[in-house]
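Residues per chain, in single letters:
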Amino acid sequence: MNPILIDGLTKRYGTFDAVRDVSLEVSAGSICGLLGPNGSGKSTTFKCMLGLARPTAGRALFEGAPLVPEMFEQLSFVPERSALYDRLTGNNHLEMMRRGYRNYDARRAQAMLEIFSLDPGKRIHRLSKGQRTAMGLVLAFSIRPRIMILDEPASGLDPMHQRAVLDLLIEAAAHGTAVLLSSHQIGQVERAADRVVVLKRGRVILDGNIDDLRSREKVIEAVFALPPDEKRFANDPRVRRVERRGSTLRVYVHADVDDVARDVNTLSPTSMNVLDQNLEEIFFSAVEEPRPATLEAD
Amino acid sequence: MPANFNVDPRSGVPIYVQLIDQVKRSIAVGALHPGERLPTVKQLAVDLTVNPNTVARAYRDLERESVIATSPGRGSFVSEGDAQTRRTVSDVAAVKLEDAVRDARSIGVERDELQKLFDRFIDRWYPHGGNQ
């Protein structure tokens, strides 16, 4: 039984489907990255999973059961904006963790404070945005839960602490924790996750093992003396999309690339190459938006 | 760590494939010796900041190809035996060679021409025939 299972989750606001028929599973020891443009339904999915919003249809199960208070000890949730008490100190928050969680680990909490260079004596309202994010992470990692759900866990952190988050997630996964995290930073997901789910307008448009996607999603780049009609591949189910620039044809393939390459070859190109795509390129060809010059940095 | 592994997650090459190539290459250049113990899946995942499932997948494939052997409770070790080591060395060369041949074909080099080029390089690097 997988620690996280989402089955046919739909959330409708009036006539607008914020999330539509989303299903995904995360197994023990796996890290699943949830990617998607702003407003694609990532946070709504988390809210519905955690009982912060009522799904219109579908459900989320944790270790096979709906979320019940007994499960809280085995689940760390890091919301996008850390839910901390402004007037209390970091130590106050850790004390609440100690009282509320039997699996609270004081030594681990101390190590986390050091990793994120935090002074636990300070009141939360005196912390910077990045330090608040870090404090939320310290609390989440002060227990060793079987499930972790993180919404943009690295926002506002400097690169060193962002890397520390990845290291901690890898370590948690190595201990069997199932991790689901959303991120704007494809770089984090491609490094730490083994699985990716891409949302667009509330729907899952890409879902798979990241290495399998790297193996499967290829670009055939062929140069022709006389450029052929690119529409030839437009309705091919093996092809995501086709681009033509002058005499160069780029065919984005998401099925057997050798098969499609043979077909391209029958058009007698003067040269033909199969190119790999990294996760960022796969993401942009899946959401079918032209790649911007720079990625959002935060 | 016995050998210096590292992966490029930004590349389009699957990470488990990168790991397999690096283990084989380390064996080929002698940075990993037959019988030498490999880091555990957990250790390598943490050291490289890559997913443990991905490391486990690389180890499984290496085991299937008999490049490494895992004994429960003891860990994973580089397989011993000259035949296996030679096979690994030849695998590493094959990957490079196939890339080069594919590249040549993609820019329209004819088969005979490529064969001639290949013979020329063989003569240059193996001037005395036989072994280097």
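See the structure above.
Residues numbered from 1 in each chain as written. Chains lettered and ligands numbered in written order. Predicted model: local features only at pLDDT ≥ 70, side-chain atom pairs only at ≥ 80, totals over all residues.

Draft legend 1. Focus on the overall build of chain B. Each helix and strand counted, chain B has 5 helices and 2 strands in total. Helices (α) and strands (β) of chain B occur, in sequence order from the N terminus, as α-α-α-β-β-α-α. When the 132 residues of chain B are sorted by exposure, 27% land in the buried category. Across chain B, contacts joining residues at least 24 apart in sequence account for 58% of those joining residues at least 6 apart. (Helix = DSSP H or I, 4+ residues; strand = E, 2+ residues; numbered from the N terminus. Buried ≥ 20, exposed ≤ 12 C-beta atoms within 10 Å, placed from the backbone. Contact = placed C-beta atoms within 7 Å.)

Draft legend 2. Quick look at the interface of chain A and chain B. At the interface, 24 residues of chain A touch 20 residues of chain B. Elements represented by at least two residues in the side of chain A that touches chain B include exactly α5 (159-174), α6 (186-192), α7 (210-216) and β13 (271-276) of chain A. Residues belonging to the side of chain A that touches chain B are distributed by class as follows: 8 nonpolar, 8 polar and 8 charged. (Nonpolar A, V, L, I, M, F, W, Y, C, P; charged D, E, K, R; others polar.)

Draft legend 3. Highlighting the pairing of strand β2 (residues 75-78) of chain B. Residues and elements named next belong to chain B. For strand β1 (residues 68-71) and β2, the ladder comprises 4 bridges, and the chain directions are antiparallel. Paired with I68 across the bridge in β2 is V78. Between the antiparallel neighbours β1 and β2 lie 3 residues, among them G73 with a positive phi of about 85°. (Pairing = 2+ DSSP bridges.)

Draft legend 4. Representation of the packing of helix α1 (residues 15-28) of chain B against helix α3 (residues 52-64) of chain B. Residues and elements named next belong to chain B. With their axes 8 Å apart at the nearest point, α1 and α3 run at an angle of 50° to one another. One finds that α1 runs oblique with respect to α3. Note on packing geometry: the crossing formed by α1 with α3 is right-handed. Here α1 contributes I15, Y16, L19, I20 and V23 to the contact with α3, which in turn contributes T54, V55, R57, A58, D61 and L62. The class makeup of the residues in the contact of α1 with α3 is 8 nonpolar, 1 polar and 2 charged. (Axes fitted to C-alpha atoms, helices over the stretch in contact; angles between N-to-C directions. Parallel < 35°, antiparallel > 145°, perpendicular 65-115°, else oblique. Left-handed = near helix turned anticlockwise from the far one by under 90°.)

Draft legend 5. Seen up close, the sheet that holds strand β2 (residues 16-26) of chain A. All names here are of chain A. Read from one edge of the open sheet, 3 strands run β2-β1-β4, paired in antiparallel fashion. Two strands close off the open sheet at either side, each with one partner strand: β2 and β4 (57-62). With strand direction ignored, the average angle separating the axes of adjacent strands in the sheet is 15°. For strand β1 (residues 4-13) and β4, the ladder comprises 5 bridges, and the chain directions are antiparallel. By the bridge assignment, I6 is partnered in β4 with A60.

Draft legend 6. Looking closely at the sheet that holds strand β12 (residues 248-253) of chain A. Residues and elements named next belong to chain A. Taken together, the 4 strands give an open sheet; going across it, the order is β11-β12-β10-β13, and neighbouring strands pair in antiparallel fashion. In this open sheet, the two strands that pair with only one neighbour each are β11 (239-245) and β13. Averaged over neighbouring strand pairs, the angle between their axes works out to 15° when direction is ignored. Pairing of strand β10 (residues 218-223) with β12 involves 6 bridges; the strand directions are antiparallel. The residue of β12 that forms the bridge with E221 is R250. In the packing of helix α8 (residues 257-265) onto the sheet, the strands contacted are β10, β11, β12 and β13, and the crossing angle to β10 comes to about 15°.

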